[in-house]
Amino acid sequence: MNTDTQLDNSMSWQAALGVGDEALGVVPAGSEVLVMMKNSIIRLNGTSASSFMMTGIFKNCGCIDINSCAECAGTVFYLGRNGFYSYDGSQPKIISGKLNCMYSSAVSYCDGVKYYASAIRSDGGGHEFLVYDIERGIWHKWSKTPVIKDFFTMNGSAA
């Protein structure tokens, strides 16, 4: 049996990120792990703690609210300074241009087909509940819905 020290040593990984940016959290992205930072994203790859390594840094497309991150079929959706982004293993891209609105925070969920975000507008315009149809690339906006603190699923449906 392993002791806690042995487990810590064999299952831990540490690295200096060296980007001078504030880390918000870590998100799984298919076979990768993303370190979500305010101004950038760092991609990590590996199959065990001893093999993890940084394999990419994406600048000027960071995440402003870790609660907005949701992974759906290998694609990560999140809220950045310039809008909502999608990351599918290549360069993150903005997907919210047609919303014609900026948001300061969001709590999100993905059910495999749609990305749901309960967002707060940056212009003081209140709350909006947004749904992004991943297959069609279409947004649907419901206004004046209170921000949801957390999502959970029950029998495959958001509850």
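Structure first, text after, so check above.
Please read these numbers as outputs of a predicted model, since none were measured by experiment.

Asker: Describe in detail the nonpolar core, supporting the description with residues and values.
Answerer: Residues Phe84, Tyr103, Tyr115, Leu130 and Trp139 are the most contacted members of the largest nonpolar core, which totals 17 residues. Of all the elements in the fold, those that place two or more residues in this core are strand 5 (70–72), strand 6 (75–80), strand 9 (103–110), strand 10 (114–121) and strand 11 (127–133). Beyond its immediate sequence surroundings of up to four residues, Tyr103 is in contact with Ile64, Leu79, Phe84, Ala119, Ile120, Arg121, Ser122, Glu128, Leu130 and Lys141. Judged by nonpolar contacts, the second largest core, of 13 residues, contains Val27, Ile41, Cys61 and Cys69.

Asker: Requested: an account of unusual backbone geometry, with residues and values cited.
Answerer: Phi is positive for Ala73, close to 50 degrees, though the residue is something other than glycine. Position of Ala73 relative to the elements: it lies in the loop between strand 5 and strand 6. Classification of Ala73 as exposed rests on a relative accessible area of 77%. At Asn100, a position not held by glycine, the phi torsion is positive, near 55 degrees. Secondary-structure assignment places Asn100 in the loop between strand 8 (93–94) and strand 9.

Asker: Which residues make up the side chain of Glu128, and what values do they have?
Answerer: Mapped onto the elements, Glu128 comes out in strand 11. Judged by relative accessible area, which is 3%, Glu128 ranks as buried. Reaching out from Glu128, the side chain makes a polar contact with the side chain of Arg121 at a distance of 2.8 Å.

Conventions adopted
- Residues numbered from 1 in each chain as written.
- Predicted model: local features only at pLDDT ≥ 70, side-chain atom pairs only at ≥ 80, totals over all residues.
- Heavy atoms only, no water.
- Core = buried A, V, L, I, M, F, W, Y, C linked by side-chain atoms within 4.5 Å.
- Buried < 20%, exposed > 50% of the residue type's maximum accessible area, 1.4 Å probe, protein only.
- Helix = DSSP H or I, 4+ residues; strand = E, 2+ residues; numbered from the N terminus.
- Contact = heavy atoms within 4.5 Å.
- Polar contact = N/O pair within 3.5 Å; in protein donor to acceptor, adjacent residues only side chain to side chain.

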